[in-house]
Amino acid sequence: SGEFPENTTVAFEEAIRLVVETIEIDVHLTRDKQMVILHDYSVDRTSDGEGAVADLSLAAIKELDAGSWFHTRFSGARFLTLAETLDLMPKAMKLNVHVKETEEDQDDLVSMVVEELERRSLLSTAFVTGNQGVVQAARNVQPEIQICCFLSVEECRALDCRILQPGNAVVTPELVAEAHKYDIEVNPFFADDPEEMRRLMECGVDGILTNYPARLQELLRGTH
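Quick caveat: nothing in here was measured; it's all calculated off a predicted structure. (Residues numbered from 1 in each chain as written. Predicted model: local features only at pLDDT ≥ 70, side-chain atom pairs only at ≥ 80, totals over all residues. Heavy atoms only, no water.)

A.B. asks: Is there a simple way to think about the sheet that holds strand 2 (residues 35-37) in this case?
C.D. replies: Two modes of strand pairing occur in sheets, parallel and antiparallel, and in both the strands are linked by backbone hydrogen bonds. Spatially, the 8 strands line up as an open sheet ordered 3-2-1-4-5-6-7-8, and their pairing is mixed. Each edge of the sheet is formed by a strand with only one pairing partner; in this case those strands are strand 3 (80-81) and strand 8 (185-186). Here strand 1 (residues 22-29) pairs with strand 2 via 3 bridges, running antiparallel. Residue pairing for strand 2: H28 is matched across the bridge by V36. Contacting strand 1, strand 2, strand 4 (94-99) and strand 5 (126-129), helix 4 (residues 106-119) crosses the sheet at an angle of about 135° to strand 1. (Pairing = 2+ DSSP bridges. Helix = DSSP H or I, 4+ residues; strand = E, 2+ residues; numbered from the N terminus. Contact = heavy atoms within 4.5 Å. Axes fitted to C-alpha atoms, helices over the stretch in contact; angles between N-to-C directions.)

A.B. asks: Can you help me understand the environment of I163 in this one?
C.D. replies: Residue position: I163 is located in strand 7 (residues 163-164). On a C-alpha basis, the gap between I163 and L38 in space is 22 Å, while along the polypeptide they are 125 residues apart.

A.B. asks: I'm lost on the environment of C203 in this one. Help?
C.D. replies: Relative to the helices and strands, C203 resides in helix 8 (residues 194-203). Taking relative accessible area as the criterion, C203 reaches 9% and is therefore assigned buried. Considered as a pair, C203 and I37 are 166 residues apart in the sequence and their alpha carbons are 32 Å apart. (Buried < 20%, exposed > 50% of the residue type's maximum accessible area, 1.4 Å probe, protein only.)

A.B. asks: Help me understand the pairing of strand 1, please; the structure alone is not making it clear to me.
C.D. replies: In the case of a regular strand, side chains alternate between the two sheet surfaces. Here strand 1 lies mainly inside the structure; 6 of its 8 residues are buried. Two strands pair when backbone bridges link them, and strand 1 and strand 4 are joined in this way by 6 bridges, in the parallel orientation. Residue pairing for strand 4: V27 is matched across the bridge by V99. The turn linking strand 1 back onto strand 2 is made up of 5 residues, and K33 within it adopts a positive phi angle of 60°.

A.B. asks: So what exactly am I meant to see when it comes to the packing of helix 8 against helix 9 (residues 213-223) here?
C.D. replies: The packing of two helices is summarised by the inter-axis angle and the distance between the axes. The interhelical angle for the contact between helix 8 and helix 9, taken along N-to-C directions, is 55°, at an axis separation of 10 Å. Put simply, helix 8 runs oblique to helix 9. The interaxial crossing formed by helix 8 with helix 9 has right-handed handedness. From helix 8, P194, M197, R198 and M201 reach across to helix 9, where they touch R215, L216, L219, L220 and T223. (Parallel < 35°, antiparallel > 145°, perpendicular 65-115°, else oblique. Left-handed = near helix turned anticlockwise from the far one by under 90°.)

A.B. asks: Just checking my understanding: could you explain the packing of aromatic side chains for this structure?
C.D. replies: Each aromatic ring pair is summarised here by two numbers: the centre-to-centre distance and the angle between the ring planes. All told, the structure shown has 4 aromatic pairs when counted by the stated rule. With a centroid separation of 4.9 Å and 50° between ring planes, the pair formed by F189 and F190 is classed as tilted. Judged by its relative accessible area of 38%, F189 falls in the partly exposed class. By the ring-pair criterion, three or more aromatic residues cluster together here, those being F4, W69, F70 and F74. In this structure, R215 is placed above the aromatic ring of Y212, and the distance from its NZ or CZ to the ring centre is 3.7 Å. (Phe/Tyr/Trp six-rings, centres within 6.5 Å; stacked < 30°, edge-to-face > 60°. Lys NZ or Arg CZ within 6 Å of the ring centre and 35° of its normal.)

A.B. asks: Explanation requested: the packing of helix 4 against helix 5 (residues 132-141) in the structure shown.
C.D. replies: Remark: helix 4 packs on helix 5, axes separated minimally by 9 Å, with the N-to-C direction vectors making an angle of 55°. Taken together, the axes of helix 4 and helix 5 lie oblique to each other. The way helix 4 lies across helix 5 gives a crossing that is right-handed. Residue-level contacts link Q106, V110, S111 and V114 of helix 4 to G133, V134, A137, A138 and V141 of helix 5. Each residue belonging to the contact of helix 4 with helix 5 can be placed in one class, and the counts come to 6 nonpolar, 3 polar and no charged. (Nonpolar A, V, L, I, M, F, W, Y, C, P; charged D, E, K, R; others polar.)

A.B. asks: Please clarify how unusual backbone geometry should be interpreted in this entry.
C.D. replies: Glycine aside, residues mostly have negative phi angles, and peptide bonds mostly take the trans form. Put simply, F189 and F190 share a cis peptide bond, and its omega is 5°. Unusually for a residue other than glycine, S121 sits at a positive phi of about 60°. By the secondary structure assignment, S121 is in the loop between helix 4 and strand 5. Of note, D160 is a non-glycine position whose phi angle comes to about 55°, a positive value. Taking the relative accessible area as the measure of exposure, D160 reaches 44% and is therefore partly exposed.

Below is the structure:
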């Protein structure tokens, strides 16, 4: 999303071309209960429209230009549904599916996301990320689903979670060592600056979320 309009076909295709290890997607539920991919709870920042996702129909969202806000060469890009996004992904691509629930639609959205991942046989490559309520709900729907937590090693242990996604600022070698003691991955959010990427690598993290994956790949090539 540093070089392409986020959560659009062109951004996903570039990530696939770069052969990134994992792609993060953000899933919301529209007014007519359709799963759509965009980061914010409203369409205002990343389109030529306005309004909360939960208040708009999928048809209305599909009419919006999701690219020209970033650069005119991306004019006409459209928001994708979850199904359309999954159709783009190589079979082995690991997927970080961040459920962006509201208080009103959490149960419906979590169930629909988990059922779609299960229907496509993606339980071994996709995991659900979200707050404690989201990941607990996901496990209630499908006990085998992989989940990712935000807060702490203690939260992960309590939820039998093997992936921790903390804010990059709180990551230390001690935090990573504590997580690894319990076989928990640490994939901080986020780092775009090579200096911070390097610091996180020195802490021993397992992965780094970034808006500039090519920068991270270049840095990794230089460390081997």
